[in-house]
Amino acid sequence: MILGAETRSASPGSHPPKHAKAHRTCRGPNHTARALARAAGLTCFCFLACLMLTVSPAPAQPRLVDLINADRPLVIAHRGYSGLAPENTLPAFELALAVGADLVELDTHPSRDGVPMVIHDATLDRTTDAVERWGRKQIPVNAHTAAELQTLDAGRWFHARYAGTRLPTLREALETVRAVGGRVLIECKVGDPDVLAALLQTNRFTDDVVVQSFNWEFLHQFHARAPEVVLGALGPPSRLVDGSTPVGLSGTLNERWLREARRTGARLVVWNQKQLSRTAVNTAVEQGFRVWAYTANTPEQFERLLALGVHGIITDHPARLWRLLALRRPAPARDP
């Protein structure tokens with residue numbers, strides 16, 4: 001459809017030998033001069049590097065609609081680079097952007113005071129220290145205000161190096177990604193379509209995001225409020241446009257799902273990789289949709305989806321997918 005590495009840090013317990021300082025003071029003046037020159041050069045280099053990062057604008061990016069219509073598969077980082085950093089956190093988003101992900105996918109739930117927070121689960125237990133801090137289990141996200149939620153540690157569960165990482169608000173996440181020219185795929189788990197539309201429109205995010213949901217009633221309502229935002233119909237859906245729950249229907253992408261997806265206003269269908277076929281992808285394309293698949297992490301899964309002709313792959317390991325795409329041999333030319 002045509003639309004309008006991880007770095008190593010010094011061990012905290014590492015210390016120079018006690019005699020090192022005295023030993024250095026015994027060296028001659030030439031050594032001292034060279035050391036000072038090296039230090040001055042390093043300082044100058046660091047200053048210039050920081051200056052470049054500060055004043056250099058984000059590189060020019062294609063329009064979102066052009067990116068979606070690219071003639072190559074898009075690399076979409078699932079909850080950020082969640083294979084190497086705590087999911088749905090700023091470090092995960094920054095790492096995904098550093099390896100060139102086309103879009104950063106994230107999830108939202110509202111806080112008690114209605115602020116969209118970036119977190120996948122409806123409860124805080126798995127990806128924060130809420131249980132330890134507040135002394136109970138199965139703590140809903142919407143049981144606490146945004147300010148309270150941002151006191152939690154959302155990184156230590158993944159690795160000690162991420163201790164102190166906080167839950168971001170949706171606005172913080174969008175600003176972080178936009179600052180370096182990135183795009184965001186927002187999955188709305190639960191929320192008010194009016195609140196999301198107002199946040200995107202007021203802060204001029206509408207040209208930089210795709211909104212998706214398994215709740216197709218939500219998508220339909222959101223589209224009425226923000227028709228300029230590109231939508232993705234996540235499937236199989238948990239709720240249909242009329243608010244009913246689908247019962248007894250095959251989860252495989254087919255013409256019936258495509259007809260219902262069109263009613264939401266979606267231009268993309270984003271489907272479970274296990275429930276896609278080449279025929280379904282071709283049918284979707286014939287009906288004007290682009291097709292993205294979730295969540296693939298192995299070379300075998302990547303190759304299968306590429307053979308099906310999908311237009312985007314959502315993965316926990318964007319660098320792994322980039323590598324496979326870079327090394328993949330082009331298909332042999334067909335005889336005329």
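Residues numbered from 1 in each chain as written. Predicted model: local features only at pLDDT ≥ 70, side-chain atom pairs only at ≥ 80, totals over all residues. Heavy atoms only, no water.

1. Considerations on the pairing of strand E8 (residues 290–294)
Then comes step 1: Counted residue by residue, E8 has 5 buried out of 5 residues, so it is predominantly covered.
Then comes step 2: The alternating pattern of E8 places Arg290, Trp292 and Tyr294 on one face and Val291 and Ala293 on the opposite face, and all of these are buried.
Then comes step 3: The pairing of strand E7 (residues 268–272) with E8 spans 5 bridges and is classified as parallel. Bridge pairing links Leu268 to Arg290 in E8.
Then comes step 4: For the crossover that starts at E7, traverses helix H11 (residues 278–286) and ends in the parallel E8, the hand is right-handed.
Then comes step 5: Note that E8 and strand E9 (residues 312–315) share 2 bridges and pair parallel. What sits directly across from Ala293, in E9, is Ile313. (Buried < 20%, exposed > 50% of the residue type's maximum accessible area, 1.4 Å probe, protein only. Helix = DSSP H or I, 4+ residues; strand = E, 2+ residues; numbered from the N terminus. Pairing = 2+ DSSP bridges. Right-handed = clockwise from strand over helix to strand, strands pointing away.)

2. A few points about the packing of helix H4 (residues 90–98) against helix H7 (residues 170–178)
Geometry of a packed helix pair, given as the angle between the helix axes and the separation of the axes.
Then comes step 1: Taken N-terminus to C-terminus, the directions of H4 and H7 make an angle of 25 degrees; their axes are 10 Å apart at the nearest point. When the axes of H4 and H7 are compared, the pair comes out roughly parallel. Here the hand of the crossing between H4 and H7 comes out right-handed. Note on element contacts: H7 touches H4 through Glu172, Ala173, Thr176 and Val177, opposite Leu90, Phe93, Glu94 and Leu97. (Axes fitted to C-alpha atoms, helices over the stretch in contact; angles between N-to-C directions. Parallel < 35°, antiparallel > 145°, perpendicular 65-115°, else oblique. Left-handed = near helix turned anticlockwise from the far one by under 90°. Contact = heavy atoms within 4.5 Å.)

3. Quick notes on the packing of helix H9 (residues 216–225) against helix H10 (residues 255–264)
Then comes step 1: Following both chains from N to C, one finds H9 and H10 inclined at 35 degrees, their axes separated by 8 Å at the closest point. Residues Trp216, Leu219, His220 and His223 of H9 form the contact with H10, whose participating residues are Trp257, Glu260, Ala261, Arg263 and Thr264.
Then comes step 2: Classifying every residue of the contact of H9 with H10 by side-chain character gives 4 nonpolar, 3 polar and 2 charged. (Nonpolar A, V, L, I, M, F, W, Y, C, P; charged D, E, K, R; others polar.)

4. Notes on the confidence of the model for the protein
Then comes step 1: Of the residues in the protein, 80% have a pLDDT of 70 or more, and the chain-wide mean is 87.
Then comes step 2: For residues 4–27, every residue scores under 50 in pLDDT, and the model assigns this stretch 7 contacts once sequence neighbours within four places are set aside.
Then comes step 3: In this model residues 35–57 is a low-confidence stretch, pLDDT under 50, and it forms 1 contact with partners more than four residues away in sequence or in other chains. (pLDDT = per-residue confidence, 0-100.)

5. Let's talk about the pattern of salt bridges
Two side chains bearing opposite charge may form a pair once their charged atoms approach each other closely.
Then comes step 1: Scanning the model with the defined rule gives 15 salt bridges in all.
Then comes step 2: Where Arg72 meets Asp102, a salt bridge forms, and the shortest distance between an N and an O atom there is 2.7 Å. Pair noted here: Arg72 is in the loop between helix H3 (64–68) and strand E1 (74–77) and Asp102 is in the loop between H4 and strand E2 (103–110), with a separation of 30 residues, a long-range link.
Then comes step 3: Under the relative-accessibility criterion, Asp102 is labelled buried at 11%.
Then comes step 4: Via salt bridges that share partners, Arg79, Glu87, Asp107, Asp121 and Arg126 belong to a single interconnected network. (Salt bridge = Lys/Arg side-chain N within 4 Å of Asp/Glu carboxyl O.)

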